[in-house]
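As a plain string of letters, each chain reads:
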Amino acid sequence: MEYLDFEKELEELQIQINNTKDIGKKTNSDVTKVLQELKKKLKERQNEIYQNLTAWQRVQISRHPQRPYTLDYINYLAGDSFIELHGDRNVSDDKAMIGGFGKIKDQVVMFIGQQKGNNTKMRKYRNFGMSNPEGYRKALRLMKLAEKFQKPIITLIDTPGAFPGLEAEERGQGEAIARNIYEMCKLKVPIMCIIIGEGASGGALGIGVGDIICMLENTWYSVISPESCSSILWRNWENKETAAEALKLTPKNMLDNQMIDYIIKEPLGGAHKNREKTFETVKDFILENIPKLKKIKTSKIVSKRIEKFCKMGIYNS
């Protein structure tokens, strides 16, 4: 298990526990009492650390390399029933954006989400979860397909942002994201958006308009990353922790500001500490809320969604 910088004390305690076990086996000694004390101390420190996480620490957990990604969730939720669909029917198939039909129990849904990759080779293949315009156009094509067959849409958001390359801008990155936001407002099927990792800028908003918006406990959602915010305001990355606090990007901040509807609890320490428990929690959440969304009349679902987003923020007319 890879530990983050603020978890070093936990790593040291775990090493002590492992060493104590080894000594007990090698010397055939009774180390039960010592182990109990160390485990108790470890649990106390875990509760203390994870119940008082800063905004920057939640950002770090959201980026943990062992954290489950979109395909991990889809493979657990839908299993062999998932049929991935490819291409935007115009330019190419964006590997950073995936989608297709799958079945959760008896409910067929359209899954759409960003995929980062589990190792260096796959991260490069998936462009680190940063979609090009064709990725957003593929996502829109699949959403329209779901609307045609009257199937709910579930988007799994995990991206450091849309790809900022020159070629992406030349192919209309801004227009593609704006088009998705516009079209998602009008889709006549239920849409559930779940932020499972990073929710950065327009890259997240491109698949982030829905009837229910929720975040896992250790994720973030903001117009800009803390590092980029720090580099703009202070001309360096050293103030990223200050920027993270100022951006109000944590799930609690977002819920308090009525930008999201729910926070989904994670196992102590983050989703990567107990993947199966995380998957089950997300599955239960989906199965509980999809039937509620399906009960909303088609004639009302669009107006309710538009009203929901028009209420967000403060502006002068």
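Now for a look at the structure at hand. (Residues numbered from 1 in each chain as written. Predicted model: local features only at pLDDT ≥ 70, side-chain atom pairs only at ≥ 80, totals over all residues. Heavy atoms only, no water.)

**Topic: the pairing of strand S5 (residues 191-200)**
Regular strands place side chains that alternate from one sheet face to the opposite one.
Here is step 1 of the chain: Of all the ten residues making up S5, ten are buried; the element is thus mostly covered by neighbouring parts of the structure.
Here is step 2 of the chain: Sheet topology note: the strand S4 (residues 153-159)/S5 ladder contains six bridges and is parallel. Bridge assignment links Leu156 to a residue of S5, and that residue is Ile194.
Here is step 3 of the chain: Note: S5 against strand S6 (residues 212-216), four bridges, orientation parallel. In the sheet register, Met192 faces S6, and the bridge partner there is Ile212.
Here is step 4 of the chain: Of the strand pairs in this sheet, S5 and strand S7 (residues 220-222) are connected by three bridges, and their pairing is parallel. (Buried < 20%, exposed > 50% of the residue type's maximum accessible area, 1.4 Å probe, protein only. Helix = DSSP H or I, 4+ residues; strand = E, 2+ residues; numbered from the N terminus. Pairing = 2+ DSSP bridges.)

**Let's talk about the packing of aromatic side chains**
Here is step 1 of the chain: All told, the structure shown has five aromatic pairs when counted by the stated rule.
Here is step 2 of the chain: Ring centres of Tyr76 and Phe279 lie 5.0 Å apart, and the angle between their planes is 35°; this geometry places the pair in the tilted category. Residue Tyr76 is found in helix H4 (residues 70-78), and its partner Phe279 is found in helix H13 (residues 275-294); the two are separated by 203 residues along the sequence.
Here is step 3 of the chain: Looking at Tyr76, the relative accessible area reads 28%, which means it is partly exposed.
Here is step 4 of the chain: With a centroid separation of 6.3 Å and 75° between ring planes, the pair formed by Phe82 and Phe111 is classed as edge-to-face. One end of the pair, Phe82, is in the loop between H4 and strand S1 (83-84); the other, Phe111, is in strand S3 (residues 107-114), with 29 residues separating them in the sequence.
Here is step 5 of the chain: Exposure remark for Phe82: the relative accessible area of 14% places this residue in the buried category. (Phe/Tyr/Trp six-rings, centres within 6.5 Å; stacked < 30°, edge-to-face > 60°.)

**Some remarks on H4**
Here is step 1 of the chain: Counted residue by residue, H4 has seven buried out of nine residues, so it is predominantly covered.
Here is step 2 of the chain: Summarising the contacts, the buried residues of H4 are in contact with strand S2 (97-104), S3, S4, S5, S6 and H13.
Here is step 3 of the chain: Among the residues trailing H4, Gly79 stands out with phi positive, at a value near 60°. (Contact = heavy atoms within 4.5 Å.)

**Topic: the pairing of S4**
Here is step 1 of the chain: Of all seven residues in S4, seven are buried, a share of seventy percent or more.
Here is step 2 of the chain: Of the two faces of S4, the one holding Ile153, Thr155, Ile157 and Thr159 and the one holding Ile154, Leu156 and Asp158 are both buried throughout.
Here is step 3 of the chain: When S3 meets S4, the two strands line up parallel, connected through four bridges. Note on S4: the bridge partner recorded for Ile112 is Thr155.

**Looking at the layout of surface pockets**
Here is step 1 of the chain: Empty space within the largest pocket amounts to approximately 290 Å³.
Here is step 2 of the chain: Every element with two or more residues in the lining of the largest pocket is listed here: helix H9 (201-205) and S7.
Here is step 3 of the chain: Ranked by the residues each element gives to the lining of the largest pocket, the list is headed by H9, at three residues.
Here is step 4 of the chain: The class makeup of the residues in the lining of the largest pocket is nine nonpolar, six polar and one charged.
Here is step 5 of the chain: In this model, the second largest pocket occupies a volume close to 190 Å³.
Here is step 6 of the chain: Lining the second largest pocket, in full, are Glu147, Gln150, Lys151, Pro152, Lys188, Val189, Pro190, Leu293, Lys294, Ile296, Thr298 and Ile301. (1 Å grid on protein atoms, 1.4 Å probe; cavity = no way out; pocket = protein on both sides within 12 Å on 5 of 7 lines; lining within 4 Å. Points joined across faces, edges and corners; volume = space filled by probe spheres on them. Nonpolar A, V, L, I, M, F, W, Y, C, P; charged D, E, K, R; others polar.)

**Here we look at the packing of helix H6 (residues 133-148) against helix H8 (residues 173-186)**
Here is step 1 of the chain: At a minimum axis separation of 8 Å, H6 and H8 run at an interaxial angle of 15°. The angle between H6 and H8 places the two elements in the roughly parallel class. Our pair here, H6 against H8, has a crossing hand that is left-handed. Listed contacts from H8 to Pro133, Tyr136, Arg137, Ala139, Leu140, Met143, Lys144 and Glu147 of H6 are Gln173, Glu175, Ala176, Ile177, Arg179, Asn180, Glu183, Met184 and Lys186.
Here is step 2 of the chain: Grouping the constituent residues of the contact of H6 with H8 by class yields eight nonpolar, two polar and seven charged. (Axes fitted to C-alpha atoms, helices over the stretch in contact; angles between N-to-C directions. Parallel < 35°, antiparallel > 145°, perpendicular 65-115°, else oblique. Left-handed = near helix turned anticlockwise from the far one by under 90°.)

**Topic: the environment of Leu268**
Here is step 1 of the chain: Residue position: Leu268 is located in the loop between strand S8 (262-264) and H13.
Here is step 2 of the chain: C-alpha separation for the pair Leu268 and Ile61, spaced 207 residues apart in sequence, amounts to 11 Å.
Here is step 3 of the chain: Aside from chain neighbours lying at most four places away, what touches Leu268 is Gln46, Asn47, Tyr50 and Lys273.

**Topic: the environment of Phe279**
Here is step 1 of the chain: Judged by its relative accessible area of 7%, Phe279 falls in the buried class.
Here is step 2 of the chain: For the pair Phe279 and Glu266, spaced 13 residues apart in the sequence, the C-alpha separation amounts to 9.6 Å.
Here is step 3 of the chain: Beyond its immediate chain neighbours, meaning those up to four positions away, Phe279 contacts Pro68, Asp72, Tyr73, Tyr76 and Leu77.

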